[in-house]
Amino acid sequence: METVFRFPQRELPVSAETDLLVAGGGPAGIAAAIAAARNGMKVLILEQRGFLGGMGTVSLVPAFCPYTDHEKPVVRGIGLELLEQMKRNCPADYRQNYGSVLDWVPIDAEVLKRVYDDAVLQSGAQILFHTMVIDVIRSKDKSCIEGVVIANKSGCSVVKCQYVIDATGDGDIAAKAGAPFLKGGEKGELQPGTMCYLLARTDKKRFLQYLKDSGDNFQIHAAVTKAQQNGDLPEGRKEVSGFAWLADDLVGVNFGHIFGVDGTKAEDLTRGAIEGRKLVGIQVEFLRKYVPGFENAHVIATGEQLGIRETRRIQGDYVLQAEDFLEMRSFPDDIARNAYFIDVHMATSKENIRIHHLPDGQSHGVPYRCLLPKGVDNLWVPGRAASSDRVVQGSLRVMPNCFAMGQAAGTAAALAAGAGGCTSREVDVPRLQQTLVEQGAWLGEAHENGKVRV
């Protein structure tokens, strides 16, 4: 049987021309599109689903990871603005519970979809849903991307662009452009995925009373262990990763793992979705049987896609290292700060999760160079696929950090365009830093008030 089919050469129509093409509508892409548009660029953001939001809406990840270092917000700017906008659009009881909270804020996915739509469109950026990039068009010397080939219900076409931001989370555009990358650990192992879900007909007060009376912790370690011993849950993680209570009778759940899924492969994502939904059924039966407050729990939604923690990491001009995290280093070209703990989930059910926290009030810098894939001069890669080692990726990958890196990438693209079309590596980094701070980002005490203190 032939393994290759050659299409006859054909011409594709140009469906759009834009200054900046943003591929991927998760937090990194949203912030990038908003930042670039607010700074004067013509922006088109592409998203393969019918809504923005990435893991928080597609996969129903139930809560935002912390925005703070336990003393102050580290992620500010567009990311914090969108968090607060979601809160303002939620019901009164939600606002009462979480109005002043910045860490582990529960996500109302339907509210968040509308917030993202409005914010991106109000910035002046354009959105195209139900669309994937299937190829890139490189310049003759291969140093730049001059356009992308897209596919959707309208057919295949070309979008011409001056700059590109790869916010796919998987480094899809960078990989298609020939940029080097790594994937997973030394043996190719990847962190597992999780099928998150939303439960109705729950009783928060009864659940909290159970915790108080039993001495079990919020992650119900004791109940999970007992159920595993009784054969009512599969072996693996000994606790629920998180309950995010949207209301007293409505809770988002992040629980358990699906192993051996490579999020860059459709076959793996398919298997993960099927196994994930099956596991949700088992988990809900466990909750009904073992955990007071969940006796009548009813699944009202599972993630459209398995939640993915790890795939590609680009090899950028700088690779952020574990030592940078542990020593809380700052860099001359910092464009974001990170205080989230290292959180590397085991690749098999027999291994342990690696966790390391920074001291309260401390963070480390994220250099601009981490967004620049080697070999391509008009492409930025913010978010989960940014240039880091595997350990740091376990910290850098979360949604607040993706907002911060995305805002930096979008702002950098606007500065590059405003400087006569310079490359990503020719961007005036001090001016980028000053612009970010003036527009609400926080780069550490040395950059407060928009000026770098030496």
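Everything discussed here concerns the structure shown above.
Residues numbered from 1 in each chain as written. Predicted model: local features only at pLDDT ≥ 70, side-chain atom pairs only at ≥ 80, totals over all residues. Heavy atoms only, no water.

A.B. asks: Teacher, can you tell me more about the packing of aromatic side chains here?
C.D. replies: The geometry of an aromatic ring pair is captured by two quantities: the separation of the ring centres and the angle between the planes. Within the structure shown, the criterion is met by 18 aromatic pairs. On the basis of an interplanar angle of 65° and a centroid distance of 6.3 Å, the ring pair of Trp104 and Tyr340 is categorised as edge-to-face. Separated by 236 residues along the polypeptide, Trp104 in the loop between helix 4 (92-98) and helix 5 (109-123) and Tyr340 in the loop between strand 13 (334-338) and strand 14 (342-344) bring together distant segments of the chain. Here Phe207 and Trp245 contribute two aromatic rings whose centre-to-centre distance is 5.8 Å and whose plane-to-plane angle is 35°, an arrangement assigned as tilted. Pair noted here: Phe207 is in helix 7 (residues 204-214) and Trp245 is in strand 9 (residues 242-247), with a separation of 38 residues, a long-range link. An aromatic cluster of at least three residues, connected via ring pairs, comprises Phe207, Phe218, Phe243, Trp245 and Phe294. A cation sits over an aromatic face here: Arg10 above Phe7, 5.6 Å from the ring centre. Positioned over the ring face of Phe51 is Lys113, at 4.0 Å from the centre of the ring. (Phe/Tyr/Trp six-rings, centres within 6.5 Å; stacked < 30°, edge-to-face > 60°. Helix = DSSP H or I, 4+ residues; strand = E, 2+ residues; numbered from the N terminus. Lys NZ or Arg CZ within 6 Å of the ring centre and 35° of its normal.)

A.B. asks: What's the story with the pattern of salt bridges in this structure? I'm lost.
C.D. replies: Pairs can form between side chains of opposite charge once their charged atoms are near each other. For the coordinates displayed, the defined rule picks out 21 salt bridges. Ionic pairing is found between Arg312 and Asp172, a salt bridge with its closest N-O pair at 2.8 Å. Taken together, the positions of Arg312 in strand 12 (residues 312-314) and Asp172 in helix 6 (residues 172-176) put the pair 140 residues apart, joining distant regions of the chain. Overall, Arg312 belongs to the buried group, its relative accessible area being 13%. Classification of Asp172 by relative accessible area gives partly exposed; the value is 26%. Arg425 is paired through a salt bridge with Asp317; the nearest N and O atoms lie 2.8 Å apart. (Salt bridge = Lys/Arg side-chain N within 4 Å of Asp/Glu carboxyl O. Buried < 20%, exposed > 50% of the residue type's maximum accessible area, 1.4 Å probe, protein only.)

A.B. asks: Sorry, what's going on with a negative patch on the surface here?
C.D. replies: Together, Asp93, Asp203, Asp248 and Asp249 give the surface a local cluster of negative charge. With respect to the helices and strands, the residue Asp249 is situated in the loop between strand 9 and strand 10 (250-254). (Patch = residues over 30% accessible without salt bridge, like charges linked within 9 Å, V, L, I, M, F, W, Y side chains within 5 Å. Areas by Shrake-Rupley, 256 points an atom, 1.4 Å probe, with all protein chains shown as cover. Lys, Arg positive; Asp, Glu negative; His and termini not counted. Charge placed at Lys NZ, Arg CZ, Asp CG, Glu CD.)

A.B. asks: Please explain empty space enclosed by the protein as it appears in this structure.
C.D. replies: Unfilled space is identified by rolling a water-sized probe across the atoms. Evaluated as defined, the whole model comprises 3 cavities of 30 Å³ or more. Estimates place the volume of the largest cavity at around 80 Å³. Along its surface, the largest cavity is lined by Val74, Val75, Arg76, Ile335, Ala336, Arg337, Ala404, Gln407, Ala441, Trp442 and Leu443. Of all the secondary-structure elements, those providing two or more residues to the lining of the largest cavity are strand 13 and helix 12 (399-418). Element by element, the count of residues in the lining of the largest cavity is highest for strand 13, at 3 residues. Looking at the lining of the largest cavity residue by residue, the classes come out as 8 nonpolar, 1 polar and 2 charged. A volume near 50 Å³ is recorded for the second largest cavity. Every residue along the wall of the second largest cavity is listed here: Pro66, Tyr67, Thr68, Val74, Val75, Arg337, Asn338, Ala339, Tyr340 and Asn401. Here the residues of the lining of the second largest cavity sort into 6 nonpolar, 3 polar and 1 charged. (1 Å grid on protein atoms, 1.4 Å probe; cavity = no way out; pocket = protein on both sides within 12 Å on 5 of 7 lines; lining within 4 Å. Points joined across faces, edges and corners; volume = space filled by probe spheres on them. Nonpolar A, V, L, I, M, F, W, Y, C, P; charged D, E, K, R; others polar.)

A.B. asks: What is the right way to look at the nonpolar core in this model?
C.D. replies: Looking at soluble globular proteins, one finds that nonpolar side chains tend to be buried together. In this structure, Ile220, Phe286 and Trp380 are the most contacted members of the largest nonpolar core, which totals 114 residues. Residues in contact with Ile220, not counting those within four places in the same chain, are Phe207, Tyr210, Leu211, Val240, Phe243, Phe286, Leu287 and Val291. By size, the runner-up hydrophobic cluster in this structure holds 21 residues, among which are Ala23, Leu44, Val159 and Ala174. (Core = buried A, V, L, I, M, F, W, Y, C linked by side-chain atoms within 4.5 Å. Contact = heavy atoms within 4.5 Å.)

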